[in-house]
Each structure stands twice: as C-alpha cells, then as structure tokens.
Amino acid sequence: MNNVFLMIAGCLLTGLFSALPLPAANRPDPPEAIVLNTLSELYQPVVFDHLSHQDNYNCNTCHHHTAGTGAATDFCGKCHDHSPPRQELSCAGCHLPLSHPISSTEAEKIPFYHIDILSLKSALHLQCIGCHQDEDGPDGCLDCHAFTRKGKKRFQITGNDS
Amino acid sequence: MNISRRIALKTALAGMITSLLFPSRRAESHQIKQYQNSMGVLVDLTRCIGCRSCEAACNAEQKLPPPKKPFNDLSVYDEREHNRRRRTDETRYTVVNRFEIQGIDHPLFRKVQCNHCQEPACLTSCFVSAYTKTPEGAVIYDQSVCVGCRTCMVACPFYIPTFRYSSAFNPSIVKCIFCYDTRLKYQRPPACVEACPMGALTFGRRKEMIQIGRRRIENNRGLYVDHIYGEYEAGGTSWLYISDVPFEKIGFDMNIPHAPILDSVKNFLGFVPMVLTIWPALFAGFHLLATRKENHERKKTQVEREERQ
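The rules behind the values
- Residues numbered from 1 in each chain as written.
- Chains lettered and ligands numbered in written order.
- Predicted model: local features only at pLDDT ≥ 70, side-chain atom pairs only at ≥ 80, totals over all residues.
- Heavy atoms only, no water.
- Helix = DSSP H or I, 4+ residues; strand = E, 2+ residues; numbered from the N terminus.
- Buried < 20%, exposed > 50% of the residue type's maximum accessible area, 1.4 Å probe, protein only.
- Contact = heavy atoms within 4.5 Å.
- Buried area = accessible area lost by both parts, 1.4 Å probe.
- Salt bridge = Lys/Arg side-chain N within 4 Å of Asp/Glu carboxyl O.
- Polar contact = N/O pair within 3.5 Å; in protein donor to acceptor, adjacent residues only side chain to side chain.
- Nonpolar A, V, L, I, M, F, W, Y, C, P; charged D, E, K, R; others polar.
- Expected span 1.5 Å × (residues − 1).
- Bend = angle between axes of the 7 residues up to and from the residue.
- pLDDT = per-residue confidence, 0-100.
- Pairing = 2+ DSSP bridges.
- Core = buried A, V, L, I, M, F, W, Y, C linked by side-chain atoms within 4.5 Å.
- Patch = residues over 30% accessible without salt bridge, like charges linked within 9 Å, V, L, I, M, F, W, Y side chains within 5 Å.
- Areas by Shrake-Rupley, 256 points an atom, 1.4 Å probe, with all protein chains shown as cover.

A. Looking closely at unusual backbone geometry. Backbone geometry at Gln156(A) places phi at a positive 55 degrees, although glycine is not the residue there. Counting through the fold element by element, Gln156(A) comes out in the segment after α10 (149-154). The exposure class of Gln156(A) is partly exposed, given its relative accessible area of 23%. Although it is not a glycine, Cys179(B) sits at a positive phi angle of roughly 50 degrees.

Here it is as structure tokens:
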C-alpha cells in the first residue's frame, strides 16, 4: 500500500517539474528511472535509477517529509499535515529552481518557516552526495555528470580529456 | 605685560588641544552606515565539496583569462606558493582551498573572495576615492581615478585587492566586485552563488542571511561552531560564514577586530595634520619664548655690567 506513494516525480520523467498531488488510488507505479535535466546547460541529463534505490532504501530516506514509512522529519508536517504540500512527492514540488529571495517584494512574501528552503539543485546534491560517500556510491562530479560542449567550455577543458 | 601674554598663549594652547581631542573622542563610537536592503551571501562550509564550479562561473562571468589548469582539475588544491595556499589575483577573483584537519575524516573547503565589508578598509584608505560601497552591498572600484599606490592592498585585513602587475602603464587593482555590473545591480545573485551545486552559498539580504545562519546553528545543535564569521569582523562583512570546525583551523584570521579597521588607525591618523601644521608653530614659539628669556637676561646683565663700569 505504501508503495503507491512512491511515484516520485513521474512527471520528472516527462520533463514536467510540477507534480500535482493525485488521489492515492490514481497514483501510478513509481518510475523505474528518472531523467534529471535541470543542469542541461552545462551537463548532459542524469538518469537516476529509481528502481534500485527504492529496492534498497526506505522511501523516507529521500522523500523525507511525505512518503514511505512515516516522515523522516516532522518539520513540514507541523503545518502541512492535512494540506496538499504534504501529498507532494516530487522533489521539485517543494524545492524550486532558485531559492534566492531576490526582489525586495518577493523577499517580503517569504513566510517565516520558508526562510531556508534549498533550491532543487542543492537539495538533490545534498541528498545524494552524503549517502553516496557513506555507501560507496559514485561521488565525483563526473561520475554522474558528463559535460555538454558548453560545460567543457565553462570549465575550460581543452582537448579530449574527460 | 609678559605674564599676561604667557597666560594668553597657555589658554590658546589648552583650547587648541581640547578642541582637537574631543571631536576625535566623539567620532570614535561612530555608527556604520547600514543600508536596509544590502545583500549578502551566507557560506556554509559544511556543505562545500570543492568542485570549483564557483571558480569556473566567476571566470566566465568576469571574462577572465583562461586558467593554467581546467576548473575540474582538483590538483590545484596541492599547489603552494611560498608555502601558502592559492590566493586571488588578476586572473581569478575567487579561489577555493582545501584543508585537511586532524581528527576529521573528510577534507574541508574554504572559498576566498572579497568579503565586501560594511565599512571597507580599502575604501577608507584610498586617497583618490576609487572605491565605492554601493547600497546593494558591493565594494566596487573605479580604475579611471586609481593612481596605483596600492594602499588598499595593505589596508585590507583579508588580503583581497591584488595588483595587475602584468600591465606597467595601466595601474589597476583587481578584486571580486560581487558581480555588481552584471548581476547585483539587477538584484540577481552573483555567478558563483548561482553555480554552487551544494547550496553552500546562499544569497539574500544580509540581515536575513544572519537569521538563516543563526537558525542553522540552532537547528543543528552541536554541528556548527556558534559563530557567524563576518557578522562583526572588521565592522561586519556582506559575506558571512558558518562552519563545523573552528574557523582558525581553516585559515580564518580570528584576530581581526570587531570594529571597522578605520577605527584602529583613525586616532593616530587624526594626529598627522596636527603634527604637520601645529607642531612647527608651537615648538618655534616655545623656542622663541625660551630663548627670549635668555636673551632678556643676557641683555639685562650686559646693561648691569655697563652700569657698574
């Protein structure tokens, strides 16, 4: 039953980053792989093997507030226990591309509890790297990311190395 | 007649000294100009993995010359120049350095760039006013008025402004400008912050960055050192740091005063004009007074001697 919560960003697979909460019965099976392409300017898309992660780890290791065997942290649930954000399964649903309170009007809109939410890029990296280091997973930049042409130019890589 | 002149001189001198001393006392406890919407960056040293994305982004944004080694080459962390880790220079406005600390199984990384002080020592030391602290928080520099004296390089407590030694006829100081021209002016985060994949750099209003820093320290009790480096150092800086190891172990100077650098030299510098203008007149006066008495007595004895004869 809990597995139905494991749909992590089916829409990530299709390139859409705004997963809408679906009623539990209508939830599709969790995706086998998710293509992460938020950094597509400098890096080629990363295919995240959701299946192997879901087989080996608890859902709430990554879906820390919403899915699996209870939330890992109850911080969000204090307010959102019965509201749509609690049903959110995709990372991108809460972690926006940019976390910077940019214009002054935007900054004033940020509520008290949402002051320090990680950007999507930061959330994914912080989520992956610590665990990969502990579990001997790939943890070098190029172990997951292959440069695009623009990426090579940005990092000033000449010749055919890497 | 003589006595009254002496009293007049004394009172004048006393007045002069008090007028010189008291304004400088009052100026000592001056307020740092706080801009309400001044921006800042919170650097969380627990998150940095030393990927050098920020260095690459800075190079591209500021159109700096290509580096000797590509930005994904991590062997730069072993480079030492005069037994010193890498520093910023005219080809790089920011560098990341690696620190291996005993008792910690992973290396720590520290990004170096201009900290954009609230009251910059480079700015106050510059006698042609080449530096400006903008309301957005950046400390920027105008090459057109710079005479290349390099006083700012001496004044900066963080050793940030560097000189463009490659050009002999075009004096220029180079340092991080917070991406002012291309980004900060338009309320956008600097290129390094945008490039950071780990959320080690957070951009926002300085006072909010202090709030976030405090909250991270409180919410992860025991993880962080209970200090935000830059909140008070050198009068406060726009770039702020939180760390899980003592700051001095990763190259931070903990002896930097909490008051602006200006405050530690102002009293001394305030004396310079006085020494140059008042002292010559004052001591010439003393000399004249002292010798006048001697002359007077010499004349007097001469007269007496003549009278006796």
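B. Examining the interface of chain A and chain B more closely. Taken together, the contacts link 27 residues of chain A with 32 residues of chain B. The junction of chain A with chain B conceals about 2400 Å² of combined surface from both sides, 60% of it contributed by carbon and sulfur atoms. One can count one salt bridge joining chain A with chain B. Asp116(A) is the partner of Arg216(B) in a salt bridge, and the nearest nitrogen-oxygen pair spans 2.7 Å. Linking chain A with chain B are six residue pairs in polar contact (both at pLDDT 80 or more). Those elements that provide at least two residues to the side of chain A that touches chain B are α7 (104-109), α8 (120-134) and α9 (141-144) of chain A. Looking at the side of chain A that touches chain B element by element, the count peaks at five residues for α8(A). Classifying every residue of the side of chain A that touches chain B gives 16 nonpolar, seven polar and four charged.

C. Structural detail: helix α7 (residues 261-308) of chain B. Under the 1.5 Å per step criterion, the end-to-end length of α7(B) is 69 Å for 48 residues, consistent within 8% with the ideal 70 Å. At Val275(B), α7(B) is deflected by roughly 40 degrees, the largest bend along its length.

D. The environment of Thr94(B), seen in detail. Residues and elements named next belong to chain B. Relative to the helices and strands, Thr94 is located in the loop between α2 (53-61) and β2 (95-99). In this view, Thr94 contacts Cys54, Glu55, Cys58, Thr88, Lys111, Val112 and Gln113; residues no more than four positions away in its chain are not counted. Within the structure, Thr94 has its side chain in polar contact with the backbone oxygen of Val112 (distance 2.8 Å).

E. Representation of the confidence of the model for chain A. Residue and element names in this part refer to chain A. Looking at chain A, the pLDDT average stands at 73 and 66% of residues meet or exceed 70. Averaged pLDDT values for the elements of chain A fall to 38 in helix α1 (residues 10-13) and rise to 93 in α10. Here residues 1-25 is a poorly scored stretch, pLDDT under 50, and it has 50 contacts once near neighbours within four places are set aside; other chains count.

F. Summary view of the pairing of strand β8 (residues 201-205) of chain B. All names here are of chain B. Burial within β8 is extensive, with five of its five residues counted as buried. Pairing of strand β1 (residues 39-44) with β8 involves five bridges; the strand directions are antiparallel. Note that in β8 the partner of Met39 across the bridge is Arg205.

G. Quick look at α8(A). The terminal C-alpha atoms of α8(A) lie 22 Å apart, and with 15 residues this matches the ideal 21 Å at 1.5 Å per residue to within 8%. For α8(A), the set of buried residues is Leu120(A), Lys121(A), Ser122(A), Ala123(A), His125(A), Ile129(A) and His132(A). Where α8(A) is buried, its residues meet α2 (50-56) and α6 (91-94) of chain A together with α5 (191-195) of chain B. Positioned one or two residues after α8(A), Asp136(A) has a phi angle of 60 degrees, which is positive.

H. Structural context of the nonpolar core. Residue and element names in this part refer to chain B. Among the nonpolar cores identified, the biggest contains 49 residues, and Val41, Phe158, Leu201, Trp239, Tyr241 and Ile250 are the most heavily contacted of them. Mapped onto this core, the elements with two or more residues apiece are β1, α2, β2, β3 (108-112), α5, β8 and β9 (239-242). The residues touching Tyr241, leaving out its near neighbours within four places in the chain, are Val43, Leu45, Lys111, Gln113, Asn115, His227, Ile228, Tyr229, Phe247 and Phe252. Of all hydrophobic cores here, the second largest spans ten residues; its members include Tyr141, Cys146, Cys152 and Ile173.

I. Geometry of the side chain of Ser53(B). Within the secondary structure, Ser53(B) sits in helix α2. In this structure, Ser53(B) is in contact with Tyr43(A), Phe155(A), Ala195(B) and Pro197(B), ignoring residues within four places of it in sequence.

J. Seen up close, the confidence of the model for chain B. All names here are of chain B. For chain B, mean pLDDT is 88; residues scoring 70 or higher make up 91% of the total. This model gives residues 24-29 a pLDDT under 50, and the stretch forms five contacts once residues within four places in sequence are excluded. Confidence estimates for the predicted assembly give a pTM of 0.78 and an ipTM of 0.75.

K. The arrangement of a nonpolar patch on the surface in detail. Residue and element names in this part refer to chain B. A contiguous nonpolar surface patch, about 530 Å² in accessible area, is contributed by Phe271, Val275, Trp279, Phe283, Phe286 and Leu289. With respect to the element layout, Phe283 can be found in helix α7. Residue Phe283 is classed as partly exposed on the basis of its relative accessible area of 42%.

L. Region of the structure containing the environment of Tyr180(B). All names here are of chain B. Examined against the element boundaries, Tyr180 turns out to sit in the loop between β7 (173-174) and α5. The class of Tyr180 is buried, set by a relative accessible area of 13%. In the structure, Tyr180 is positioned 44 residues away from Glu136 in sequence and 8.5 Å away in space, judged by C-alpha atoms. Contacts of Tyr180, omitting those with residues within four sequence positions, involve Thr134, Glu136, Ala138, Ile140 and Lys185.

M. Geometry of the pattern of salt bridges. On inspection of all chains with the given rule, the structure shows 15 salt bridges over all chains. The partner of Arg86(B) in a salt bridge is Glu55(B), and the shortest N-O contact between them spans 2.6 Å. Residue Arg86(B) is found in the loop between α2 and β2, and its partner Glu55(B) is found in helix α2; the two are separated by 31 residues along the sequence. The class of Arg86(B) is buried, set by a relative accessible area of 6%. For the salt bridge of Glu208(B) with Arg205(B), the shortest nitrogen-to-oxygen distance reads 3.7 Å. With respect to class, Glu208(B) is no different from Arg205(B); both count as buried. Through salt bridges with shared partners, one network takes in Asp116(A), Asp44(B), Arg47(B) and Arg216(B).

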